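# Structural overview
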Amino acid sequence: MAKFGLELHPEKTRLIEFGRFAAQDREQRGEGKPETFTFLGFTHYCGKRRSNGTFTVWRKTAKKRMAAKLKAIKAELRLRMHEPVAHVGAWLRKVVNGYHRYHAVPGNIDRLSVFGQRLRRLWWHSLRRRSQRPARWDQLLPIYTRWLPAPRVLHPNPTARFLATHPRWEPYA
C-alpha cells in the first residue's frame, strides 16, 4: 500500500475477533458477544442458524444506509407532493424494488419491513399535506398494497450459492 501512497485510517481500521469460534473463545475469557462490523451497507455479526444451531454470519442493513435512503426519499416526496398518486406510487415501487434487490439477503427481512413501514409513513405525511381534508391511514392501505411491494428474500444463502458453483465439494470429507 505504501508503494501507491496509501495508508490505513487508524480510526476506521481495527482487528476484531470474528468467526465460528469467536463466541466460545470470548465466553471463556469472560467477555461479551463478538464485535460487529459494517461493510458494504450491511452490519455483519456472528450468529447461529435457527434450524441446527451451526455458525453463520448474519447481515442486516446498516442504520446509516437506511437513514440516508429514507432521508433522500423524504426530500424527493416533498418535490413530488402534488403529482398524481399513481406517478408517485410507480416511482416508489422502482425505488423499493431497487432497495430490495440489494438488501434482501437471508436474515434481513425484519430490517426490510422496518424500511417499508417508515416509507409508508413518509408517503402518508406527504399525502396528508396535499389538502385541507387529510386522508386517514386506513384509507391509504389499498394504495400502499397496490404500489409498495412486500419484502421477501431475493438472494440465496451463501452456502447454496457456493454449492451451485462447486457441486462435488463435500464438507469435512
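An account of the accompanying structure is given in this report. Every value quoted in this text rests on a predicted model; they were computed, and no experiment measured them. (Residues numbered from 1 in each chain as written. Predicted model: local features only at pLDDT ≥ 70, side-chain atom pairs only at ≥ 80, totals over all residues. Heavy atoms only, no water.)

### With respect to the nonpolar core
Within soluble globular proteins, side chains that are nonpolar generally end up buried alongside one another. What counts here: Working definition of a nonpolar core: buried Ala, Val, Leu, Ile, Met, Phe, Trp, Tyr and Cys residues. They are joined through side-chain atoms within 4.5 Å. For the exposure calls, accessible area comes from a 1.4 Å probe over protein chains only, and a residue counts as buried if that area is under 20% of its type's maximum, exposed if over 50%, partly exposed in between. Note on conventions: DSSP H or I runs of at least 4 residues are helices, E runs of at least 2 residues are strands, and numbering of each starts at the N terminus. We call two residues contacting when some pair of their heavy atoms lies within 4.5 Å.
Ranked by internal contacts, the top residues of the largest apolar core, which has 22 residues, are Ile73, Leu77, Leu92, Phe115, Leu119, Trp123 and Leu148. Elements with a contribution of two residues or more to this core: helix 2 (63-79), helix 3 (85-103), helix 4 (109-128) and helix 5 (137-147). By residue number, the principal contributor to this core is helix 4, which donates 7 residues. Filtering out sequence-adjacent residues up to four positions away, Leu77 remains in contact with Val88, Trp91, Leu92, Leu122, Trp123 and Ser126.

### Remarks on the packing of helix 3 against helix 5
Formally: Note on geometry: axes are lines fitted to C-alpha atoms, helical ones only across the stretch in contact, with angles between N-to-C directions running from 0 to 180 degrees. Roughly parallel refers to an angle under 35 degrees, roughly antiparallel to one over 145, roughly perpendicular to one between 65 and 115, and oblique to any angle outside these ranges. Take the far helix as your reference; a near helix turned counterclockwise from it by less than a right angle gives a left-handed crossing, and one turned clockwise gives a right-handed crossing. Classification used: nonpolar for Ala, Val, Leu, Ile, Met, Phe, Trp, Tyr, Cys and Pro, charged for Asp, Glu, Lys and Arg, polar for all others including Gly.
Put simply, helix 3 and helix 5 touch, their axes get as near as 9 Å, and they point 45 degrees apart. The angle between helix 3 and helix 5 falls in the class oblique. Handedness of the helix 3/helix 5 crossing: right-handed. Note on element contacts: helix 5 touches helix 3 through Ile143, Arg146 and Trp147, opposite Val85, Ala86, Gly89, Ala90 and Arg93. Class assignment for the residues of the contact of helix 3 with helix 5 results in 5 nonpolar, 1 polar and 2 charged.

### A short note on the sheet that holds strand 2 (residues 42-48)
Using the following cut-off: Only when DSSP finds a minimum of two bridges between them are two strands counted as paired.
Strand order across the open sheet formed by 3 strands is 1-2-3, with antiparallel pairing between neighbours. Two strands lie at the open edges of the sheet, namely strand 1 (37-39) and strand 3 (55-61), each paired on one side alone. Geometrically, the sheet is characterised by an average inter-axis angle of 40 degrees between neighbouring strands, direction not taken into account. Two elements, strand 2 and strand 3, share 7 bridges in a ladder whose sense is antiparallel. Its bridge partner being in strand 3, Lys48 is matched across the sheet by Phe55.

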